[in-house]
Amino acid sequence: MNKFLRILDNINFLPIANFITITVILILPYIIFSGGLFIGGDDSKSLYFFPIEYIQKVSFYSWTNFSSMGVYGPSQGAIPLPAIAGVLQFIVGSRVVVGYFIYSLPFVIGFVYFQKMLKEFISGKENAYNFEIFVGSFIYIFSPILIVNQWYNFLTPVWLVGLFPIIIYYLQKYIKTSNLIYVYKNILWCSLFSLTLFTIPWMLGFILPIGLGLAFGAIYYKRRHTISFVRKSFIFFTALGISQAFWLFPVMLFFYNLSTSGNNIITKALFSQDLASTFELTVRATASGNVIYPLLNLPHRQIAFDFGWYLSNIFREFYDKTFLLSTIFLGLLFFSINSFKTQLRKNEQRIFSIFLIAFIFSLFCFTVNIGPLREVFILFGQIPGFVMFRNFYEKFALGYTLIYATVLTYSLIMLRRKSPNFRIISALTLLIVIVNFLPIRNFINQPFWTTKNTYGYIKLPDEYIDFTSEVKDKIQPTSYILSLPLNIGSYSIITDDEGKVSAGNSLIFRILTGVTNVSGYPSFDIDETRLRKDILDRDYNDLSSLLHERNINYILEIKNISNEVKGSFLFEKAMMEKEDEVLINALAGKKIIESKNGNYILYKTKNPNIILSSKNLTIKRINQVKYKLFIKNLKEKQALKFLESFNQQWELYLEQDPKDDWCNKIATEISQTKECVSGSSLLEVRDILFSLKKPIFEETQSTGNGNNNRWVIDPEIIKKEYDKNYYNINEDGGIDIEMTLYFAPQNHFYIGTAISAIFLFGFTGYMFIRKKHK
Amino acid sequence: MKKILKIISRFYKIKWIRWGLIPSALFIFWISASLSFYPHASFTTLLHIHEKDFSTDLPQNILLKGRKISGEFKAVDNYLGILAMKFNIIGDNNFKEDDILVFRIKEKESKDWYYENTYKSRTIYSSPFFPFGFPIIENSKDKIYQFELISPRDNSDNAIGVKESEFYITSYYKYSRFEILSNPSDFFSYLSKKIITSFSNLQFFLYSTLYLTPLFYYVLWQLFGRSTKKIVKRVISIDKIYSRLTKMKSYPVVVVAKVIVVQYKLPLLVFLFTIMDIIFLKETYIGLFLGLLGLWIVVLRLFRLSNKNILFLAGFLFLLYVILRALNYYISADKASVWIYIFIVIAAIKALRELILEQKKKLN
């Protein structure tokens, strides 16, 4: 075996081995999902399959609709990656191929950059420890802890699998060489994966332990080295921060606005006393594991059994049987602690020390249930914001895996230095990692939660695609659609031809149709209790009023949800029994669309509404943050209602030379308001000028019926304060005016983008000149 | 600040303060804090555990219709007011169909029940050591009382249960403050009773170790907190006396064993304590844990255990963990895992500290 490894060394096997591994990672989604889409879950994952649509309908705007009335929530960090995915889709021509490539991408990047990072930590001949580092990257990427937390969920933090090693690698390179090219490269990578930089709890799950390691590790360095490290880190991260202004600037102002408006939902979520108390309860309920399984590079076992997770089956069928094999990781850890002083060189010792301290803290945070230390963790809950770690077994998992893999790689290198013959242990470790990775397909293809025979990863059925396409053509994006039966989480539930089910947030429907799908009880936020009562009491008059108030003008009846799914956690039996034909007959009017197999039927409600309403009003939706308005013959004060969530930053701007030539076709007319067919322009350059313009009637803005917006339009104010070219006077004294309703914080994104662009161009230019000068 | 520190250090150097006043103060802290903060009985309540003087009628250990937990016990004091029992949780405690339990108690000679009340099983789930309260019986001392706990329903999903081998009851005697504080002799009489009844209860004692920690650490510091050389000298002299006292003709194996015992008697003892804590105690007592940790620190300091030895201990505990898991002793296995983590932390800290010392040495 050793001979074989020596031969491998002689032929520099690493590029070949990496090529094979990367190919396997790229092929893996084809094996796991068998051609299905891995859509569904908390973020729907639709941005990977419908990237351009995602940018157009979701991430480009600071006003977003997630199965409910719109809210202020900038998420422009999720533009660069979908943009690249869109280009790839254009080149490749297949959503599935690009989607699968993206699924593999964070793991491929993590795999490659983990090796690069480790090579920077190790002194000596450049390729001397290729095999050990190769095995180390296997321990990291193919860790069963990552299977449970990242491979399976594939939520936004998954990009941190690649981004952590990237940032550490470039930071290390920059500190060593002071070459700004590494700062530049880091910026490019971080910009590409900027959607993940907002996943703060997961980031902190790594930063906290490693920060502690660095703080203690500073003891081993001379003062000037520490100062240089702090100075360079400051430059490195400040440059990163400025380059991310395109999403960071709107997000910072979002938080600032929330804090000044006194309605800081996120602050409340992080710092409220109620959450602090649930923190303790949650931690006590879930901290049932122990340190052994993480030490064996396995996920926590006990919690899977306590909560009946599918993982318990994998343990019973697989990991319990490979338990003893996995003890090799414990042995490696013990060896590294015992030998690092003798086997590592001075600088390596220091770096190892930092990771060892980080490892100890990370293991504690990932496990919590370590005798009396559990109480210490619960005590941490008193620290403002620490409640974000109440599901510690998830938030610290990625950071722990990366830190532990680094420690174990060091251990393999130490073994190699002790004796080349010990490389057999590295080979054995590689084998065990591969063995422990084998259940991935079984784990990821687990039945839908609380069902036994319903699986996910659907192939979008033609019936659904045709139906959504018809909705897109026929329904104005200003209306809302109520899906029946309602579920507990505002999910869009799609059943494919094989009976597989996708349940993810309703973004997928919005992306395909442009229309918001109100699909769950939480979609009604403050009106949820009223909705439930109306349904249970069959009070259809009030229910109809509720739908009218919330601009829900259509009802979608979904008929192909299986009984097993209806019996799952997604639905409430008592409520669902009342969401029957009687309810539909009471609320639904004319049938608008029926899909070809009759599984999706769309009705117009009996009492429809319109997004903006006033007397003699013509409106047109330009995009999510902009509406054009034209009021004809305004004689006296009149109210203007806007059925989106109340937000004071929706501003009205009076336009010069009023006209309504932007209205090409009337789509609908309700109570003296004509709605024109919506536009589809992403932005207009002149929108940025709204930042310089003074809005009108802002002091009259108030909440309308419930949580909507209402202004009072007063012709006298216009006549008094504005030039005559802002209105047309009619013969009877009335005036015609044109206004734009605009969500002002959208401009924060444009300003942030300008900052990012200027910085990046400047940086690029500087790098170019510097290179030329050299 | 310096002045204050000087005064403190001057006082500290006075022997009777170091060996008398401070330990006494810490001793009083242990007793008073334990009596005051014990969660299961306030300072004005005495408790007595009855382990055998009762019976149960529970096939399969589940309390269903027609079965009962019953027994009698002798009240050891006046003011009997609570009878607590330890239950096991059966079923999935989903509260969909709460079980109802009837508790009643009377004096043995009496025909009628003195007190009867119904309880929902969910309240018992939230507190497995459940106290059944009743109006205080002032003259209860030396009288025999009978109690019953029955379930009128046949609800196997939410029934409560007991393990006969682990079942015990505790009687509580609630004194009024007025009674205790009426005169100094009553107070001291009550205090002595409280101390005796409390500290004769193992659960209480183990709980109280939390407040014993300062005294324990203080003593450890006084004994072993000196320079290592002095400690080693002290150990060697103790060893010499020991070997003189135990002089006898020995076979080589016995000599080796003796050397090991002499050399490693403290580590062995502490290791045994640790194993006992893992195997025999079903709960984690913070005081006991901290005490053992303190002892381990002393052992590490005295015997200069190498990292290899510490990790060997961790490895041994891992083996113990595997065995305990295989035998389904989950609580003990979890406790073993705690000590594995502690040993890893100790080994890491030791190695990192040695690295600092080496660096300093090189610099010097």
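This section reports on the structure supplied with the text. This is a predicted model, so every value here is computed, not measured.

Quick notes on the overall build of chain B
Inference 1: In terms of regular secondary structure, chain B is built from eleven helices and eleven strands.
Inference 2: When each of the 364 residues of chain B is scored for burial, the buried share is 41%.
Inference 3: Residue pairs at least 24 apart in sequence account for 77% of intrachain contacts in chain B once pairs closer than 6 positions are excluded.
Inference 4: If you sum the accessible surface of chain B, you get close to 21300 Å²; carbon and sulfur atoms cover 64% of it.

Considering the interface of chain B and chain A
Inference 1: Listed as interface residues are 28 residues of chain B and, on the opposing side, 33 residues of chain A.
Inference 2: Summed over both partners, the interface of chain B with chain A buries about 2700 Å², with 75% contributed by carbon and sulfur atoms.
Inference 3: Our count for the chain B to chain A interface comes out at one salt bridge.
Inference 4: For Glu354(B), the salt bridge is made with Lys341(A), and the minimal N-O distance between the two is 2.4 Å.
Inference 5: Counting across the chain B and chain A interface gives six residue pairs in polar contact (both at pLDDT 80 or more).
Inference 6: Elements represented by at least two residues in the side of chain B that touches chain A include exactly helix 9 (286-303), helix 10 (307-326) and helix 11 (330-363) of chain B.
Inference 7: For the side of chain B that touches chain A, the element with the most residues is helix 11 of chain B, which contributes 16 residues.
Inference 8: Among the residues making up the side of chain B that touches chain A, the classes are represented as 18 nonpolar, five polar and five charged.

Quick word on the packing of helix 7 (residues 130-141) of chain A against helix 24 (residues 423-437) of chain A
Residue and element names in this part refer to chain A.
Inference 1: The interhelical angle for the contact between helix 7 and helix 24, taken along N-to-C directions, is 25°, at an axis separation of 9 Å. In this view, helix 7 runs roughly parallel relative to helix 24, as classed from their interaxial angle. Remark: the crossing between helix 7 and helix 24 carries left-handed chirality. Contacts between helix 7 and helix 24 involve Phe131, Glu132, Phe134, Val135, Phe138 and Ile139 from the first element and Arg423, Ser426, Ala427, Thr429, Leu430, Val433 and Ile434 from the second.

Considerations on the sheet that holds strand 11 (residues 169-174) of chain B
Residue and element names in this part refer to chain B.
Inference 1: Ordered by their spatial adjacency, four strands build an open sheet running 1-11-4-8, and the pairing between neighbours is antiparallel. Each edge of the open sheet carries a strand with a single partner, namely strand 1 (45-50) and strand 8 (129-137). Between one strand axis and the next, the sheet turns by 20° as a mean value, whatever way the strands run.
Inference 2: Bridge count between strand 1 and strand 11: six bridges; the pairing is antiparallel.

Concerning the nonpolar core
Inference 1: Grouped together as the largest cluster of nonpolar side chains are 228 residues, with contacts concentrated most on Tyr48(A), Trp151(A), Trp159(A), Leu295(A), Phe359(A), Phe377(A) and Trp339(B).
Inference 2: The element that contributes the greatest number of residues to this core is helix 11 of chain B, accounting for 16 residues.
Inference 3: Look past the residues within four positions of Tyr48(A) in its chain and what remains in contact with it is Phe38(A), Leu81(A), Gln89(A), Gly99(A), Ile102(A), Phe154(A), Trp159(A) and Leu195(A).
Inference 4: Grouped together as the second largest cluster of nonpolar side chains are 43 residues, Leu612(A), Leu629(A), Met739(A) and Phe743(A) included.

Topic: the packing of aromatic side chains
All names here are of chain A.
Inference 1: Taken as a whole, this structure holds 115 aromatic pairs over all chains when the rule is applied.
Inference 2: Positioned over the ring face of Tyr221 is Arg350, at 4.8 Å from the centre of the ring.
Inference 3: Note that Lys395 overlies the ring of Trp202, its terminal NZ or CZ placed 4.8 Å from the centroid.

Topic: the sheet that holds strand 10 (residues 612-613) of chain A
Residue and element names in this part refer to chain A.
Inference 1: Strand order across the open sheet formed by four strands is 10-13-18-17, with antiparallel pairing between neighbours. The open sheet has two edge strands, strand 10 and strand 17 (702-703), and neither has a second partner.
Inference 2: By the bridge criterion, two bridges tie strand 17 to strand 18 (residues 709-713) in an arrangement that is antiparallel. Within strand 18, the residue paired with Thr703 across the bridge is Asn709.

Thoughts on a nonpolar patch on the surface
Residue and element names in this part refer to chain A.
Inference 1: Among the surface-exposed residues, Ile27, Tyr30, Ile31, Val87, Phe90, Ile91, Val92 and Val97 lie close enough to one another that they form a single nonpolar patch of about 790 Å² accessible area.
Inference 2: Breaking the nonpolar patch down by element, the ones donating at least two residues are helix 2 (14-33) and helix 5 (80-92).
Inference 3: Here the element with the most residues in the nonpolar patch is helix 5; it accounts for four residues.
Inference 4: Of note, Val97 is situated in helix 6 (residues 95-121).

Remarks on the environment of Ala78(A)
Residues and elements named next belong to chain A.
Inference 1: Along the polypeptide, Ala78 turns up in the loop between strand 2 (71-72) and helix 5.
Inference 2: Through-space distance from the C-alpha of Ala78 to that of Ser362 is 29 Å; in sequence the pair is 284 residues apart.
Inference 3: Each residue touching Ala78, except ones within four places of it in the same chain, is listed here: Tyr54, Ile55, Ser59 and Leu195.

Regarding the state of the cysteines
Residue and element names in this part refer to chain A.
Inference 1: Considering all chains together, one arrives at one disulfide over all chains under this definition.
Inference 2: For Cys663, the disulfide goes to Cys676, at an S-S distance of 2.0 Å. Taking the torsion about the sulfur-sulfur bond, which here is approximately -105°, the covalent link between Cys663 and Cys676 counts as left-handed. Here Cys676 lies in strand 16 (residues 673-676) and Cys663 lies in the loop between strand 14 (650-654) and strand 15 (666-670), a separation of 13 residues in the sequence.
Inference 3: Taking the relative accessible area as the measure of exposure, Cys663 reaches 18% and is therefore buried.
Inference 4: Overall, the relative accessible area of 0% leaves Cys676 in the buried class.

Things to note about the pattern of salt bridges
Pairing is possible between side chains of opposite charge, provided their charged atoms come close.
Inference 1: Scanning the entire structure with this criterion turns up 35 salt bridges over all chains.
Inference 2: Close ionic contact of Asp732(A) with Lys635(A) constitutes a salt bridge, the shortest N to O distance being 2.9 Å. Within this pair, whereas Asp732(A) is found in the loop between strand 19 (727-729) and strand 20 (735-743), its partner Lys635(A) is found in the loop between strand 12 (626-634) and strand 13 (638-642), the two being separated by 97 residues in sequence.
Inference 3: Classification of Asp732(A) as partly exposed rests on a relative accessible area of 43%.
Inference 4: Between Arg104(B) and Glu148(B) there is a salt bridge, with the nearest N and O atoms lying 3.1 Å from each other. Within this pair, whereas Arg104(B) is found in strand 6 (residues 100-107), its partner Glu148(B) is found in strand 9 (residues 144-150), the two being separated by 44 residues in sequence. There is no split in this pair, since Arg104(B) and Glu148(B) are both buried.
Inference 5: Sharing partners across several salt bridges, the network here consists of Glu280(A), Arg284(A), Arg374(A) and Glu375(A).

Some details on helix 23 (residues 397-418) of chain A
Inference 1: Its 22 residues place the ends of helix 23 of chain A 31 Å apart at the C-alpha level, agreeing with the 32 Å of an ideal helix rising 1.5 Å per residue.
Inference 2: When you tally the buried positions in helix 23 of chain A, you get 21 out of 22 residues, the bulk of the element.

Remarks on the environment of Leu324(A)
All names here are of chain A.
Inference 1: Topologically, Leu324 is positioned in helix 19 (residues 323-343).
Inference 2: In this structure Leu324 comes out as exposed when scored by relative accessible area, which is 58%.
Inference 3: Sequence separation between Leu324 and Trp711 is 387 residues, and the spatial gap between their C-alpha atoms is 70 Å.

Overview of the packing of helix 9 (residues 160-177) of chain A against helix 10 (residues 180-192) of chain A
Residue and element names in this part refer to chain A.
Inference 1: Helix 10 packs onto helix 9 with a crossing angle of 165° between their chain directions and a minimal axis gap of 8 Å. Relative to helix 10, the element helix 9 is oriented roughly antiparallel. The handedness of the crossing between helix 9 and helix 10 comes out as left-handed. Between helix 9, through Leu163, Ile166, Ile167, Tyr170, Lys173, Tyr174 and Thr177, and helix 10, the contact on the second element is made entirely by Leu180, Tyr182, Val183, Lys185, Asn186, Trp189 and Cys190.
Inference 2: Residue composition of the contact of helix 9 with helix 10, by class: ten nonpolar, two polar and two charged.

Examining the environment of Leu556(A)
Residues and elements named next belong to chain A.
Inference 1: Of note, Leu556 is situated in strand 7 (residues 552-558).
Inference 2: Relative accessible area serves as the criterion here: at 2%, Leu556 is assigned to the buried category.
Inference 3: Placed 418 residues apart in sequence, Leu556 and Phe138 show a C-alpha to C-alpha distance of 47 Å.
Inference 4: When sequence neighbours within four positions are dropped, the list of residues in contact with Leu556 reads Phe467, Ile481, Leu482, Ser483, Leu484, Phe509, Tyr600, Ile601 and Leu602.

Conventions we followed
- Residues numbered from 1 in each chain as written.
- Chains lettered and ligands numbered in written order.
- Predicted model: local features only at pLDDT ≥ 70, side-chain atom pairs only at ≥ 80, totals over all residues.
- Heavy atoms only, no water.
- Helix = DSSP H or I, 4+ residues; strand = E, 2+ residues; numbered from the N terminus.
- Buried < 20%, exposed > 50% of the residue type's maximum accessible area, 1.4 Å probe, protein only.
- Contact = heavy atoms within 4.5 Å.
- Areas by Shrake-Rupley, 256 points an atom, 1.4 Å probe, with all protein chains shown as cover.
- Buried area = accessible area lost by both parts, 1.4 Å probe.
- Salt bridge = Lys/Arg side-chain N within 4 Å of Asp/Glu carboxyl O.
- Polar contact = N/O pair within 3.5 Å; in protein donor to acceptor, adjacent residues only side chain to side chain.
- Nonpolar A, V, L, I, M, F, W, Y, C, P; charged D, E, K, R; others polar.
- Axes fitted to C-alpha atoms, helices over the stretch in contact; angles between N-to-C directions.
- Parallel < 35°, antiparallel > 145°, perpendicular 65-115°, else oblique.
- Left-handed = near helix turned anticlockwise from the far one by under 90°.
- Pairing = 2+ DSSP bridges.
- Core = buried A, V, L, I, M, F, W, Y, C linked by side-chain atoms within 4.5 Å.
- Phe/Tyr/Trp six-rings, centres within 6.5 Å; stacked < 30°, edge-to-face > 60°.
- Lys NZ or Arg CZ within 6 Å of the ring centre and 35° of its normal.
- Patch = residues over 30% accessible without salt bridge, like charges linked within 9 Å, V, L, I, M, F, W, Y side chains within 5 Å.
- Disulfide = S-S within 2.5 Å.
- Expected span 1.5 Å × (residues − 1).

In short, the description is geometric, and any link to function would need to be established separately.
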